[in-house]
Amino acid sequence: MAERLTAREAIALVTDDFTPLSVPDRESSGSDGPIRWAGYDASRARAAASTGEDESVLHGTATIGGRPAVLVAFEFGFLGGSLGRAAGDRLVAAYGTAEERRIPLVSLVATGGSRMQEGMVALTQLQRVAAATVRLRESGVPHVAVLRDPSTGGGWATVGAGADVVLALPSAQVAFAGSRVRPQDADPAAYTAEDQWKHGHVDALVRPEELRGTLSLWLRLLSGDPAPGTGSAPSPGGPASPAPAPPPRALVDGGPPGTGWAAVSRARDPRRPRAGAYLDAYFEERAAVRGDRAGGVDPGVECGFGIHAGRVVAYAAQDGSATSPAGFRTVARLVRLADRLGIPVLTLIDTPGAANDAEAERSGAGPAIADAFAALAGARVPVTSLLIGEGGSGGALALAAPGNTWAAPDGYFSVIAPELAAAILKRPPEQAPATADQLRLRPQDLVELGVVRGIVTSEA
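The structure reproduced in this document is the subject of the present report. (Residues numbered from 1 in each chain as written. Predicted model: local features only at pLDDT ≥ 70, side-chain atom pairs only at ≥ 80, totals over all residues. Heavy atoms only, no water.)

A few words on the overall build of the chain. Secondary structure summary: the chain contains 17 helices and 15 strands in total. Taken over the C-alpha trace, the chain has a radius of gyration of 25 Å; the compact-globule value for 460 residues is 23 Å, and the two agree within 12%. Over its C-alpha atoms, taken along the principal directions, the chain stretches across nearly 85 × 50 × 35 Å. Buried positions account for 54% of the 460 residues belonging to the chain. Partitioning the contacts of the chain with sequence separation of at least 6, the portion at a separation of at least 24 is 74%. For the chain, the exposed area adds up to about 18700 Å²; of that, 55% sits on carbon and sulfur atoms. (Helix = DSSP H or I, 4+ residues; strand = E, 2+ residues; numbered from the N terminus. Rg over C-alpha atoms; globule rule 2.2 N^0.38 Å. Buried < 20%, exposed > 50% of the residue type's maximum accessible area, 1.4 Å probe, protein only. Contact = heavy atoms within 4.5 Å. Areas by Shrake-Rupley, 256 points an atom, 1.4 Å probe, with all protein chains shown as cover.)

Leaving glycine aside, a negative phi is the common case for residues, and trans is the common case for peptide bonds. Residue P150 follows D149 across a cis peptide bond; omega there is -10 degrees. Although it is not a glycine, R36 sits at a positive phi angle of roughly 55 degrees. You can see R36 is positioned in the loop between strand 1 (17–20) and helix 2 (40–51). With a phi angle near 60 degrees, R102 is a residue other than glycine that sits in the positive phi range. Within the fold, R102 resides in the loop between helix 3 (85–101) and strand 4 (105–111).

With that settled, consider the layout of surface pockets. The volume enclosed by the largest pocket comes to roughly 650 Å³. When the residues that make up the lining of the largest pocket are grouped by side-chain class, the tally is 7 nonpolar, 11 polar and 3 charged. (1 Å grid on protein atoms, 1.4 Å probe; cavity = no way out; pocket = protein on both sides within 12 Å on 5 of 7 lines; lining within 4 Å. Points joined across faces, edges and corners; volume = space filled by probe spheres on them. Nonpolar A, V, L, I, M, F, W, Y, C, P; charged D, E, K, R; others polar.)

Moving on: the pattern of salt bridges. The full count for this structure, using the stated rule, is 28 salt bridges. Here E55 ties to R115 by a salt bridge, and the two come within 2.7 Å at their closest N and O atoms. Residue E55 is located in the loop between helix 2 and strand 2 (57–64), and its partner R115 is located in the loop between strand 4 and helix 4 (119–123); the two are separated by 60 residues in the primary sequence. By relative accessible area, which is 1% here, E55 ends up buried. Judged by its relative accessible area of 2%, R115 falls in the buried class. Salt-bridge contacts for D292 lead to R329; the nearest nitrogen and oxygen are separated by 2.9 Å. A residue pair is termed long-range when its members are at least 10 positions apart, and D292 in the loop between strand 9 (285–289) and strand 10 (301–308) and R329 in helix 11 (residues 325–341) qualify at 37 residues. (Salt bridge = Lys/Arg side-chain N within 4 Å of Asp/Glu carboxyl O.)

On to helix 13 (residues 365–378), then. Note: α-helices contain 3.6 residues per turn, so residues at a spacing of three or four share the same orientation. A rise of 1.5 Å per residue sets the reference length of helix 13, with its 14 residues, at 20 Å; its end C-alpha atoms lie 20 Å apart and thus fit the reference within 8%. Considered for burial, the residues of helix 13 that qualify are A365, A368, I369, A372, A375 and L376. The buried residues of helix 13 all sit within an arc of 120 degrees when viewed along its axis, so they share a single face. Projecting away from the buried face of helix 13 at angles above 90 degrees are the exposed residues P367 and A377. (Expected span 1.5 Å × (residues − 1). Arc of directions from axis to C-beta.)

Let's shift gears to the environment of G65. Residue placement: G65 occurs in the loop between strand 2 and strand 3 (67–74). For the pair G65 and C303, spaced 238 residues apart in sequence, the C-alpha to C-alpha distance is 24 Å.

Turning our attention to the packing of aromatic side chains. Enumeration over the complete set of coordinates arrives at 3 aromatic pairs. Between Y282 and F283, the ring centres sit 5.0 Å apart and the planes meet at 85 degrees, which makes this aromatic pair edge-to-face. Summarising the burial analysis for this pair, Y282 and F283 share the class buried. Here F283 and Y315 contribute two aromatic rings whose centre-to-centre distance is 5.2 Å and whose plane-to-plane angle is 45 degrees, an arrangement assigned as tilted. You can see F283 sitting in the loop between helix 10 (275–282) and strand 9 and its partner Y315 sitting in strand 11 (residues 311–318), a full 32 residues away along the chain. With relative accessibility at 7%, the residue F283 sits in the buried group. Ring pairing ties together the aromatic residues Y282, F283 and Y315, which thus form one cluster. If you follow R290 out to its NZ or CZ, it ends over the ring of W197, 3.6 Å from the centre. (Phe/Tyr/Trp six-rings, centres within 6.5 Å; stacked < 30°, edge-to-face > 60°. Lys NZ or Arg CZ within 6 Å of the ring centre and 35° of its normal.)

This part takes up helix 6 (residues 153–160). A large share of helix 6 lies buried, amounting to 7 of its 8 residues. For helix 6, the set of buried residues is G153, G154, G155, W156, T158, V159 and G160.

Here it is, written out as structure tokens:
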């Protein structure tokens, strides 16, 4: 189990300074709260005495790594960090302040869920938080959540899971179901931060001592301003015409291949540079978003934000394996987040094609590919794509920017693999090389056909 920090300890852990915001005014609901739960006032008094806080949520402004933020911190010692009407008021006020001042929201979550002693009045706070989340997203202001122990119930399902980037402390309980309402035979691992990370609901597990630095980096990246110090979120919908990210330079020397089969062979060479090498060469710093938020992670797809030549650029990269539905959904998530924040996108294309096994079909291969196509087609920010290896059919094209796709000398794009094309045409296997020539899949062919803009070189 993770160490249970108080709200004040968590604030001190991550901030340079913290200034509380005034508490929203509200008329008293009378003795023992809105549903007259006997003993509720006494319970609140005991919680206040034991924690030194007057409610389960603290909110204020802070600086993290020299950058401004609006901060929310849950105090689990106050009635289990539960959400009631007063806590809802503070959350909505914090979201509204972040939107008004155009600075990121950081939520330090530790809650057991909605407050029973306020009945349905407490539960409806989730609707208020959801509405505030929509307004914050529409304004283009980023939200980073840190899941402490425990993060369960409606607090996880709104404040936590509703954030753009979700970090978690190792060993924290993270689940919709609280510890006392789970099935007796349930696997305890399913309710941990590690399992949520494994299944794509958490972007990173961060140790307490690394949390301030990690948050500082994320605030720089999501604000689109990599320089240390103060900064604010971009305008709603992003800049009117942000400059596109330049394509990376090639990591191999030499000219384009002489034949179609030579292009295929070079792209399939296991010694060829992969996406990781390109990302390392392109970015000075970067941080990853993980998973599709629907239970899936594709280890062959890397997504995130990085700093290149003094600018923030979002990236989505295939590593040469067949891309799963979770991979396409993660790409769509990344592109839409970058679009909301006004950050240009770079995609690296390298896949023999979309995964086509039975599990991929059951997981929604078609809808996931369609979602990736739609995310790129609908992006208002510029998208730059580089073909760095295999470009197999729609699974590769789904990551290609219309009108701004480039090719490395050891890449190829094809409507179908040459071997499969030969099989469909009832040609013997030895006809695959000739079929590759007919498909006109070489980088120079793609330029002539207008599929790519040009071939990048190894020169900076």
